[in-house]
Amino acid sequence: MSDIAVWKRVRRSDRAVAPFAGAVSALVGVVLLCLAIGVIGDPATREEENAAQELALRLFGCWLLGGAALYAVLGMFRALLGHLAALLIGPLATIAAFLVLTA
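Values in this document were obtained by computation on a predicted structure and should not be read as measured data.

A. Structural detail: helix H2 (residues 14–37). In this model H2 runs 34 Å from its N-terminal to its C-terminal C-alpha over 24 residues, within 8% of the 34 Å that 1.5 Å per residue would give. Burial in H2 covers these residues: Asp14, Ala18, Ala21, Gly22, Ser25, Gly29, Leu32, Leu33, Cys34 and Leu35. Against helix H1 (3–12), helix H3 (46–74) and helix H4 (77–102) lie the buried residues of H2. Looking at the residues trailing H2, positive phi occurs at Gly38, about 95°.

Here's what the structure looks like:
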């Protein structure tokens, strides 16, 4: 199979991959948010809390930039938009849900 054929096949799969990319990115974003605010891991000291926040932020940035670069290089623009929207909207919706539940 030539490189051109592989490229065309990847481009055609963009429509099928986009919902999956968005769902996985939303799940990762929510889990990393929960890690950053202490829902996962239950940090006991301030140092543990800072370490968890730093780890979550580093993983979030790597996931965001890595996925964006991968989808952009592959030319999968629907998947790129789904990835970015899920990572930016998913944690915001989780924060809003937490605020509603605590009120």
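B. Expanded view of H3. Here H3 spans 42 Å end to end across 29 residues, near enough to the 42 Å set by a 1.5 Å rise per residue. Within H3, the full set of buried residues consists of Ala52, Ala56, Leu64, Gly67, Ala68 and Tyr71. The secondary structure elements touched by the buried residues of H3 are H2 and H4. At the C-terminal side of H3, Gly75 shows a positive phi close to 75°.

C. How the structure looks around the environment of Ala36. Looking at the element boundaries, Ala36 is found in helix H2. Among all residues touching Ala36, those that are not within four sequence positions of it are Ala52, Gln53 and Ala56.

D. Seen up close, the environment of Ser13. Position of Ser13 among the secondary structure elements: in the loop between H1 and H2. For the pair Ser13 and Ala79, spaced 66 residues apart in sequence, the C-alpha to C-alpha distance is 9.7 Å.

E. Molecular detail of the side chain of Thr94. Mapped onto the elements of the fold, Thr94 is located in helix H4. Polar contacts involving the side chain of Thr94 include one to the main-chain carbonyl oxygen of Gly90, which spans 2.9 Å. Not counting chain neighbours up to four residues away, the residues in contact with Thr94 comprise Val30 and Leu33.

F. Broad picture of the pattern of salt bridges. Scanning all chains against the criterion turns up 3 salt bridges. Its salt-bridge partner being Asp14, residue Arg78 comes within 3.9 Å of it at the nearest N-O pair. Of the two residues, Arg78 is situated in helix H4 and Asp14 in helix H2; the sequence distance between them amounts to 64 residues. Across the pair Glu54 and Arg58 runs a salt bridge whose closest N-O atoms are separated by 2.6 Å.

What counts, and at which threshold
Residues numbered from 1 in each chain as written. Predicted model: local features only at pLDDT ≥ 70, side-chain atom pairs only at ≥ 80, totals over all residues. Heavy atoms only, no water. Helix = DSSP H or I, 4+ residues; strand = E, 2+ residues; numbered from the N terminus. Expected span 1.5 Å × (residues − 1). Buried < 20%, exposed > 50% of the residue type's maximum accessible area, 1.4 Å probe, protein only. Contact = heavy atoms within 4.5 Å. Polar contact = N/O pair within 3.5 Å; in protein donor to acceptor, adjacent residues only side chain to side chain. Salt bridge = Lys/Arg side-chain N within 4 Å of Asp/Glu carboxyl O.

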